[in-house]
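# Inside the fold
Single-letter residue listing:
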Amino acid sequence: MSDNLIIIGISGGSGSGKSSISRNILHHYGNKKCAIIEVDSYYKDLKELSMEEREKTNFDHPDSIDFELMVNDLNDFIIGKNISVPIYDYKTHTRSSESKNIVSQNIIIIEGIFALFNQNLRNLMNFKVFVDTEDKIRLARRIKRDIKYRKRTYDSIIAQYNDNVRPMYNNYVKPLKNVCDLVITGGVKNTVAMDQLISKITDMDNSII
């Protein structure tokens, strides 16, 4: 791994506050030194399936993520190559023709519920974080997000949460607390934990101050 690159993994349940913590780190160091890669960007492209089949896919299961492509992209970035991160279209469950270019950075944040799930992905990380938030808070945030940004109905969100999100979290995400370096409760409002995280990142490489 490049001595000049720090890779941070941030995991936790849907609606736990991972994105807010990631954006806080990005704001602290600036976008010339830091970039966020969302694991959701690497949902598998389902263009070969019918829309009916696509809608039956459990996107809260790790099998929905193309970890192989993500690890390959990160390995390319580590050796100095620029990478093009896919942009996922949640309405069609396919990859957009556009992509997000990531160029030379000091810090890469890997953010998503399965950020710490894949062993090969974890092996590339310098520091691993789990955001631990109560179930009722995570559900309330998911309802707000999916109604506003994904045009979902309340009933469909609740059904998906009970059928997929909660059991997948308990089976695949919650155990990731055991492989992380820092657990943050209360999200970005936990200023003590946030200060500890920023301090840890800075200690890894004083050149990013």
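Heads up: the structure comes first, above all this text.
From a predicted model like this one, the values you see are computed outputs, not experimental measurements.

## Examining the pattern of salt bridges
Under the counting rule described, the total for this entry stands at 10 salt bridges. Taking the shortest distance from any N to any O, the salt bridge between Lys-56 and Glu-52 comes out at 3.8 Å. In this structure, Asp-146 engages Arg-145 in a salt bridge whose closest nitrogen and oxygen atoms are separated by 2.8 Å. The exposure class assigned to Asp-146 is buried, which follows from its relative accessible area of 0%. Put simply, Asp-60, Arg-142, Arg-145, Asp-146 and Arg-152 are held in one network by salt bridges that share partners.

## Quick look at the sheet that holds strand 5 (residues 107-111)
Ordered by their spatial adjacency, 5 strands build an open sheet running 2-5-1-6-7, and the pairing between neighbours is parallel. Only two strands of the sheet have a single partner each, and these edge strands are strand 2 (34-38) and strand 7 (182-185). Between one strand axis and the next, the sheet turns through 20° on average, direction left out of account. Inspection of the sheet shows strand 1 (residues 6-12) paired to strand 6 (residues 127-132) by 5 bridges, in the parallel sense. In the sheet register, Ile-10 faces strand 6, and the bridge partner there is Val-129.

## A word on helix 3 (residues 67-78)
Its 12 residues place the ends of helix 3 16 Å apart at the C-alpha level, agreeing with the 16 Å of an ideal helix rising 1.5 Å per residue. The set of residues buried in helix 3 consists of Phe-67, Met-70, Val-71, Asp-73, Leu-74, Phe-77 and Ile-78. Seen along its axis, helix 3 keeps its buried residues to an arc of 160°; they face one direction. Contacts made by the buried residues of helix 3 are with strand 1, strand 2, strand 3 (83-89), strand 4 (94-102), strand 5 and helix 4 (119-122). Following helix 3 by one or two positions, Gly-80 adopts a phi angle in the positive range, close to 105°.

## Topic: the side chain of Arg-54
With respect to the helices and strands, the residue Arg-54 is situated in helix 2 (residues 51-55). The charged side chain of Arg-54 is buried without a salt bridge, its nearest counter-charge being Asp-45 at 6.8 Å. Every residue in contact with Arg-54, bar those within four places of it in the chain, is listed here: Leu-46, Lys-47, Leu-49, Phe-59, Thr-92, His-93 and Thr-94.

## Points about unusual backbone geometry
Even without being glycine, His-93 reaches a positive phi, approximately 60°. Positionally, His-93 belongs in the loop between strand 3 and strand 4.

## Quick look at the packing of helix 5 (residues 135-149) against helix 6 (residues 154-173)
In contact at an axis separation of 11 Å, helix 5 and helix 6 are set at 135° when each is read in the N-to-C sense. The angle between helix 5 and helix 6 places the two elements in the oblique class. The two elements helix 5 and helix 6 meet at a crossing, and its hand is right-handed. Where helix 5 abuts helix 6, its residues Asp-135, Arg-138, Leu-139, Arg-142, Ile-143, Asp-146 and Ile-147 lie against Tyr-154, Ile-157, Ile-158, Gln-160, Tyr-161, Val-165, Arg-166 and Tyr-169. Of the residues that constitute the contact of helix 5 with helix 6, the class distribution is 9 nonpolar, 1 polar and 5 charged.

Conventions adopted
- Residues numbered from 1 in each chain as written.
- Predicted model: local features only at pLDDT ≥ 70, side-chain atom pairs only at ≥ 80, totals over all residues.
- Heavy atoms only, no water.
- Salt bridge = Lys/Arg side-chain N within 4 Å of Asp/Glu carboxyl O.
- Buried < 20%, exposed > 50% of the residue type's maximum accessible area, 1.4 Å probe, protein only.
- Pairing = 2+ DSSP bridges.
- Helix = DSSP H or I, 4+ residues; strand = E, 2+ residues; numbered from the N terminus.
- Axes fitted to C-alpha atoms, helices over the stretch in contact; angles between N-to-C directions.
- Expected span 1.5 Å × (residues − 1).
- Arc of directions from axis to C-beta.
- Contact = heavy atoms within 4.5 Å.
- Lys, Arg positive; Asp, Glu negative; His and termini not counted.
- Parallel < 35°, antiparallel > 145°, perpendicular 65-115°, else oblique.
- Left-handed = near helix turned anticlockwise from the far one by under 90°.
- Nonpolar A, V, L, I, M, F, W, Y, C, P; charged D, E, K, R; others polar.

By themselves, these are just geometric observations and shouldn't be taken as functional.
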